[in-house]
Amino acid sequence: MIRGIIFDLDGVITDTAKFHYAAWKSLASELGIEIDEKFNEKLKGISRIESLEKILDYGGIREKYSDDEINSLAQKKNEEYKKLLKSLDRKDILPGISEFIDELRENNIKIGLASVSKNAPIILEKLGLMEKIDFIADPSKVEKGKPAPDIFIEAARGIGIEIEEVIGIEDSDAGVKAMKNCKMKSIGIGVEADISLSCTSELSLDLIKKFNK
Ligand code: BG6
Ligand code: MG
């Protein structure tokens, strides 16, 4: 019996994935590295510092930077990203997500968030969804990022539901792997998972019930 749903944020609840890409592309370009959308898929679901390290590795210049320099470059990207977030509001919630969240709440299904983004609380506030999420897993409190399962395990603990009774929703390969790594049932948006959808508008309580069979 499914009693909890755990959402990823970027690319599932809202399309901030495009802002992450724009901010990384601009920083990478300043460093003389060109990244494209295909490469960007590898950054989805990956923490800020790890994303930067992947970009520097891709450009073959990782060893040129000290840890301090990496931290300040990551901070620079985040400043740019936060500028892009300024206009974010309810209209940026992806199709069907508000209705789906309301449907879950009306049916007493607990809602958790398993995002590795440190900006998650600000984003949820801007979208007006903060009060509707029962528990936000704090990425700074988990040891390993996706594809390790830690953040999903923490989110399930936070909503007080056993992993077997939870479904996670993700748009990244790293996130789907994280769920597989703790045997959580998964729905993928544009990625392969237990059930794959092409758009968030296909999410519904009826779809969730399919996992009960
Ligand atoms: C994930 C995104 O949700 O959060 C990644 O998919 C991003 O692209 C990561 O790097 C960390 O986000 P933030 O907001 O802490 O830089
Ligand atoms: Mg995502």
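These numbers were taken from a predicted model, which means no experiment stands behind them.

Looking at the magnesium ion (ligand 2), one finds its protein donor set to be Asp 8 (OD), Asp 10 (O) and Asp 171 (OD), positioned 2.0 to 2.1 Å from the metal centre. In primary-sequence terms, the residues that donate to the magnesium ion (ligand 2) follow D-x1-D-x160-D. Of this pair, Asp 10 sits in the loop between β1 (4–7) and α1 (17–30) while Asp 171 sits in the loop between β4 (166–170) and α8 (173–180), placing them 161 residues apart in sequence. Asp 171 carries the same exposure label as Asp 10, and that label is buried.

Let us look at the packing of helix α3 (residues 48–58) against helix α4 (residues 67–85). The contact between α3 and α4 brings their axes to 10 Å, and the two run at 105°. Here α4 runs roughly perpendicular to α3, going by the angle between their axes. In this structure, α3 contributes Arg 48, Ile 49, Leu 52, Glu 53 and Leu 56 to the contact, and α4 contributes Ile 70, Asn 71, Leu 73, Ala 74 and Asn 78. Taken together, the residues of the contact of α3 with α4 sort by class into six nonpolar, two polar and two charged.

With that settled, the discussion passes to the environment of Val 191. Mapping Val 191 onto the fold places it in the loop between β5 (185–189) and β6 (195–197). A C-alpha to C-alpha distance of 21 Å links Val 191 and Asp 92, two positions 99 residues apart in sequence. When near neighbours in sequence (up to four residues on either side) are disregarded, Val 191 contacts Glu 170, Asp 171, Ser 172, Asp 173, Val 176 and Ser 196.

On to the site of ligand 1, then. Taken together, 15 residues lie around ligand 1, and Asp 10, Arg 48, Ser 117, Lys 118 and Asn 119 are the ones closest in. Within the backbone of Gly 45, an N or O atom sits 2.8 Å from an oxygen atom of ligand 1. With respect to ligand 1, the side chain of Ser 117 contributes an N or O atom lying 2.7 Å from an oxygen atom. In isolation ligand 1 has 400 Å² of accessible area, and contact with the protein removes 97% of it. Applying the majority rule of atoms within 2 Å of the grid points places ligand 1 in the largest pocket.

Criteria and cut-off values
- Residues numbered from 1 in each chain as written.
- Chains lettered and ligands numbered in written order.
- Predicted model: local features only at pLDDT ≥ 70, side-chain atom pairs only at ≥ 80, totals over all residues.
- Heavy atoms only, no water.
- Donors = N, O, S within 2.8 Å, 3.2 Å for Na, K, Ca; no water.
- Helix = DSSP H or I, 4+ residues; strand = E, 2+ residues; numbered from the N terminus.
- Buried < 20%, exposed > 50% of the residue type's maximum accessible area, 1.4 Å probe, protein only.
- Axes fitted to C-alpha atoms, helices over the stretch in contact; angles between N-to-C directions.
- Parallel < 35°, antiparallel > 145°, perpendicular 65-115°, else oblique.
- Contact = heavy atoms within 4.5 Å.
- Nonpolar A, V, L, I, M, F, W, Y, C, P; charged D, E, K, R; others polar.
- Near = heavy atom within 4 Å.
- Polar contact = N/O pair within 3.5 Å; in protein donor to acceptor, adjacent residues only side chain to side chain.
- Areas by Shrake-Rupley, 256 points an atom, 1.4 Å probe, with all protein chains shown as cover.
- 1 Å grid on protein atoms, 1.4 Å probe; cavity = no way out; pocket = protein on both sides within 12 Å on 5 of 7 lines; lining within 4 Å.
- Sits in = over half its atoms within 2 Å of the grid points.

Read these as layout, nothing more, since geometry by itself doesn't imply function.
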